[in-house]
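# Notes for the structure review
Each chain, letter by letter, is given below.
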Amino acid sequence: MSNLFKIALRNLLRYKRRTLLTASLITLGVVFVLVFVAVSGTFKNLMIGQITDSMIGHLQVHRKGFVASIETLPLNMNLKGGAIAKLEKILDAQPEIASYSPRIKFGGMFSNFTETSSIRLTAIDPEREFKAVPLLADRVSDGSKELKPGGILIPELLARGMKVKPGDAVVIVATNADGSVNGKQFTVTGVMESATGPGGRDGYVHLDDAKALLRMEDRQVSEYAIRLKDFGNLASFSRKLEGLLDKELNQQGKPMFELHTWEQLSPFFNIARMIDMMTFFIKLMLIAIVLISIMNVMIMAVYERIREIGTIAAIGTQPGTILNMFVIEGFCMGVAGALVGNLVGLAIMVVLNLLKMTYRFGRQDILLQAAVNPVDILVISATVIVVSVVASLQPAFKASRMEPIQALRHT
Amino acid sequence: MGLLKAEKITKDYQVGEIVIQALKGISFEIGAASFVSFVGPSGSGKTTLLNLIGCLDTPTSGRLTVADTDVGTLDRKEGALFRGANIGFIFQDFNLLPVLTVYENIEYPLLMVRKVAAAERRRRVSALLEAVGMADQRDKYPDQISGGQKQRVAVARALVTEPKLVLADEPTANLDHATAYLVLGLMKKMRDEFRTTFIFSTHDPKIVGEAETVFTLEDGALNGAKNGTKDKGGKNNE
């Protein structure tokens, strides 16, 4: 086999310019794909991190039917007493869970004593919430990151529109579960940036304040935000937890809870899928580049060496050996293209990271960072090499099937 | 029984709607360690006959036996195996592999066809390099040596597997007379040393004189044989 490699490499070096051009084309393709995968992957992961770690959590559990009517934030769909106990018992028993945070979600009117606007509020236990969504505190752009009873974190949009700043007194008026209305005065603790750009109208208050405002006598929870120890286990753990939750039935014999992953709760999942799709098509383009360029070169190589093929076949070289000779040439070009492409791609990534370039996404300045998973490098390299071999097969097969007598007559 | 026996072999080629009879039922026999030449004008069937003997083509009819094997019945793979084991080739244009050195070209059949062990390969290639006078050129590539030297390398490559038969189609056509005689002398020396049968084709009357047995082909038919080889199909000029 080493002799076949020696002959293949020498034949490739025999046509230096052509080999160099083909290998360069493959290299360019690999570099482009690698850098795109690295930058888009980093952007995607950054956004997923922002959304899950500062807002949604990795998973959420609600009472069955809550998410379907989430636009109205119905208080009568909250989890109560026995359901809460059952659910927390299940969650506490899961070693995959790093932390979880109970929330009450409700809508209300926000007043600065001169103007009134609507607001969506999430009542939290700050200590538990900051463990389940650790980047939430980073979203506080003005004021204190601490949320104590009597305080409110308000969205930037509302603060700017209603000219409210930290320390100001505001009033929240909300409708209780029984239809009555209640109001409570809060002090603005901080102003929060939206996780995904402008348009957010979500504020945060303490759970104790929500209970008082909504006149809740017993403990109620609208949703549990769950953070996993390993985000990579999301799919398998959600299947496991879903199985456990499905066993808990209400008095009507129907499931008591519903479980959603961040993917089912955030519209960014569609953007993430679009990025994946673009990556897939760019990989397809790479495959096409490799396939066409290698096949072109190998067809030329076979055509130019017909008499040589006739000679070695006449001497007694087996068709399989001749096939291998040409396939190895394609393989070597694929390996060279993948290797150099990976090195150049990694070098470009290092330069990009050193330049610390930023770009605007919504209202955020995002640092352009490139990081690639070693598995991606392996997959891209393997794809290039396999496609190179596949592209060489047809010309190699043709060479191996050549009649020596006709090949020797070729001029 | 001889090394090679042809019995009424014919070879037809279809060109469009016309059938061309390249060989017209010729018969002959060649013994071991012979030095035989097929002569005749262009188109007389010399190359066709050598291709049949070398298992590169199959006869349309008749029976051709080489080293006790009916070569007309071999398939592609069997043909390659048979050639690798029994036949060496010397080509008019030398046909050395340009990416291999002189040493590697000679070594190629042992390495890629016969899978001979490294020590034995070294022994045989070195001996042949000495025998053909190319030991000092062993690391040169074909484009760095002369035509005569290339043909000497080709002779060594043909002999390195110790075949029973070496076929040479116009081996001196691209050489000047002096070099041609040198190459033929080398082939004879190798025949004497290795007891290999050499069959070559030529249309050069001066070169023909070097053969011990000469078959004359004319228009696809055997027109005579000299120097004691019995012609069973055509005329015998003995």
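Treat the numbers as computed from the prediction; the structure is a model and nothing was measured.

The subject of this paragraph is the overall build of chain B. Secondary structure summary: chain B contains 7 helices and 10 strands in total. Computed over the C-alpha atoms, the radius of gyration of chain B is 18 Å, within 12% of the 18 Å expected from 2.2 N^0.38 for a compact globule of 238 residues. Its C-alpha atoms give chain B principal-axis dimensions of roughly 50 × 40 × 40 Å. The burial tally for chain B puts 47% of its 238 residues in the buried class. Contacts in chain B between residues far apart in sequence, at least 24 positions, make up 68% of those at least 6 positions apart.

In this section: the interface of chain A and chain B. Between chain A and chain B, the residue contacts involve 18 residues of the former and 19 residues of the latter. Going through the elements one at a time, helix 1 (2-14), helix 10 (306-315), helix 11 (319-355) and helix 13 (404-409) of chain A are the ones with two or more residues in the side of chain A that touches chain B. Top element by residues in the side of chain A that touches chain B is helix 10 of chain A. It accounts for 6 residues. Of the residues in the side of chain A that touches chain B, the class split is 7 nonpolar, 7 polar and 4 charged.

Bringing the pairing of strand 9 (residues 202-206) of chain A into the picture now. All names here are of chain A. Most of strand 9 is tucked away, with 4 of its 5 residues classed as buried. Taken together, the 5 bridges between strand 4 (residues 116-124) and strand 9 define a ladder with parallel strand orientation. Looking at the pairing, Arg120 lines up with Asp202 of strand 9. Sheet topology places strand 6 (residues 151-155) next to strand 9; 2 bridges connect them, and they run antiparallel. Among the inter-strand pairings, Ile152 is bridged to a residue of strand 9, identified as Val205.

Let us look at the domain arrangement of chain A. Taken as a whole, chain A is organised into domain 1 (2-50 + 270-409) and domain 2 (65-255). A straight line from the C-alpha centre of domain 1 of chain A to that of domain 2 of chain A covers 51 Å.

It is worth spelling out the pairing of strand 7 (residues 165-169) of chain B at this point. All names here are of chain B. Counted residue by residue, strand 7 has 5 buried out of 5 residues, so it is predominantly covered. Side chains of strand 7 alternate between two faces, with Leu165, Leu167 and Asp169 and Val166 and Ala168 buried alike. Examined bridge by bridge, strand 7 and strand 8 (residues 197-202) share 5 bridges and lie parallel to one another. Within the sheet, the bridge partner assigned to Leu167 lies in strand 8 and is Ile199. The parallel pair strand 7 and strand 8 is bridged by helix 6 (residues 177-194), and the resulting crossover is right-handed.

Since there are 3.6 residues in each turn of an α-helix, residues three or four apart along the chain are aligned in direction. Residues and elements named next belong to chain A. Its 13 residues place the ends of helix 7 (residues 234-246) 18 Å apart at the C-alpha level, agreeing with the 18 Å of an ideal helix rising 1.5 Å per residue. Within helix 7, the full set of buried residues consists of Phe237, Ser238 and Leu241. Each buried residue of helix 7 lies within a common arc of 100° when the element is viewed along its axis, so the set occupies one face. Facing away from the buried surface of helix 7 by more than 90 degrees, the exposed residues are Ala235, Ser236, Arg239 and Gly243. Packing partners of the buried residues in helix 7 comprise strand 1 (59-63), strand 11 (223-228) and strand 12 (257-261).

Let us now look at the sheet that holds strand 7 of chain B. Residue and element names in this part refer to chain B. On the basis of which strands lie adjacent, the open sheet formed by 6 strands has the order 6-7-8-3-9-10 and mixed pairing. Pairing within the sheet leaves two strands with one partner each, and these edge strands are strand 6 (87-90) and strand 10 (221-226). Neighbour to neighbour, the strand axes of the sheet diverge by 20° on average, direction disregarded. Of the pairings in the sheet, the one linking strand 6 to strand 7 comprises 4 bridges and is parallel in character. What sits directly across from Phe89, in strand 7, is Leu167. Sitting on the sheet, helix 1 (residues 46-53) touches strand 3 (35-39), strand 7, strand 8 and strand 9 (213-218), and the angle it makes with strand 8 is about 155°.

Grouped together as the largest cluster of nonpolar side chains are 113 residues, with contacts concentrated most on A:Val30, B:Ile53, B:Ile106, B:Val155, B:Ala156, B:Leu167 and B:Ile199. Counting residues per element, this core draws most heavily on helix 11 of chain A, which supplies 10 residues. Non-local contacts of B:Leu167, meaning those with residues more than four positions away in its chain, are made with B:Leu50, B:Ile53, B:Gly54, B:Ile87, B:Phe89 and B:Ile199. Within the second largest apolar cluster, 50 residues are counted, among which are A:Ala159, A:Ala174, A:Met192 and A:Leu207.

Glancing now at helix 5 (residues 147-159) of chain B. Residues and elements named next belong to chain B. The first and last C-alpha atoms of helix 5 sit 19 Å apart over 13 residues, in line with the 18 Å expected at 1.5 Å per residue. Within helix 5, 11 of the 13 residues are buried, which leaves the element mostly enclosed by the surrounding structure. If you check which residues of helix 5 are buried, you get Gln149, Lys150, Gln151, Arg152, Val153, Ala154, Val155, Ala156, Arg157, Ala158 and Leu159. Looking at the buried side of helix 5, the elements it contacts are strand 6, helix 3 (102-113), helix 4 (118-131), strand 7 and helix 6.

All names here are of chain B. It is at 10 Å that the axes of helix 3 and helix 4 come closest, and there the two elements cross at 135°. Judged on the interaxial angle alone, helix 4 and helix 3 are oblique. Relative to helix 4, helix 3 is oriented so that their crossing is right-handed. Contacts between helix 3 and helix 4 involve Tyr103, Ile106, Glu107, Leu110 and Leu111 from the former and Arg121, Arg124, Val125, Leu128 and Leu129 from the latter. In terms of residue class, the contact of helix 3 with helix 4 is made up of 7 nonpolar, no polar and 3 charged.

Attention now goes to the sheet that holds strand 4 (residues 61-66) of chain B. All names here are of chain B. A sheet is described by the order of its strands in space; here 4 strands give the open sequence 2-1-4-5, paired in antiparallel fashion. The sheet terminates laterally at strand 2 (18-30) and strand 5 (69-70), the two strands that pair on one side only. As defined by bridge partners, strand 1 (residues 4-15) adjoins strand 4 across 5 bridges and the pair is classed as antiparallel. Each bridged residue has a counterpart across the sheet, and for Lys5 the counterpart in strand 4 is Thr65. In this fold helix 1 packs onto strand 1, strand 2 and strand 4, with an angle of close to 120° to the strand it touches most, strand 1.

With that settled, consider the packing of helix 2 (residues 16-56) of chain A against helix 11 of chain A. All names here are of chain A. Look at helix 2 against helix 11: their axes get within 7 Å of each other, and the N-to-C directions meet at 45°. Classified by the angle their axes make, helix 2 and helix 11 are oblique. Seen from above, helix 2 lies across helix 11 with right-handed handedness. Only Met333, Gly334, Ala336, Gly337, Ala338, Val340, Gly341, Asn342, Val344, Gly345, Ile348 and Met349 of helix 11 make contact with helix 2, whose side of the interface consists of Thr19, Thr22, Ala23, Ile26, Thr27, Val30, Val31, Leu34, Val35 and Ala38. Classifying every residue of the contact of helix 2 with helix 11 by side-chain character gives 14 nonpolar, 8 polar and no charged.

Definitions and cut-offs
- Residues numbered from 1 in each chain as written.
- Chains lettered and ligands numbered in written order.
- Predicted model: local features only at pLDDT ≥ 70, side-chain atom pairs only at ≥ 80, totals over all residues.
- Helix = DSSP H or I, 4+ residues; strand = E, 2+ residues; numbered from the N terminus.
- Rg over C-alpha atoms; globule rule 2.2 N^0.38 Å.
- Buried ≥ 20, exposed ≤ 12 C-beta atoms within 10 Å, placed from the backbone.
- Contact = placed C-beta atoms within 7 Å.
- Nonpolar A, V, L, I, M, F, W, Y, C, P; charged D, E, K, R; others polar.
- Pairing = 2+ DSSP bridges.
- Domains from an automatic or database assignment.
- Right-handed = clockwise from strand over helix to strand, strands pointing away.
- Expected span 1.5 Å × (residues − 1).
- Arc of directions from axis to C-beta.
- Axes fitted to C-alpha atoms, helices over the stretch in contact; angles between N-to-C directions.
- Core = buried A, V, L, I, M, F, W, Y, C linked by C-beta atoms within 7 Å.
- Parallel < 35°, antiparallel > 145°, perpendicular 65-115°, else oblique.
- Left-handed = near helix turned anticlockwise from the far one by under 90°.

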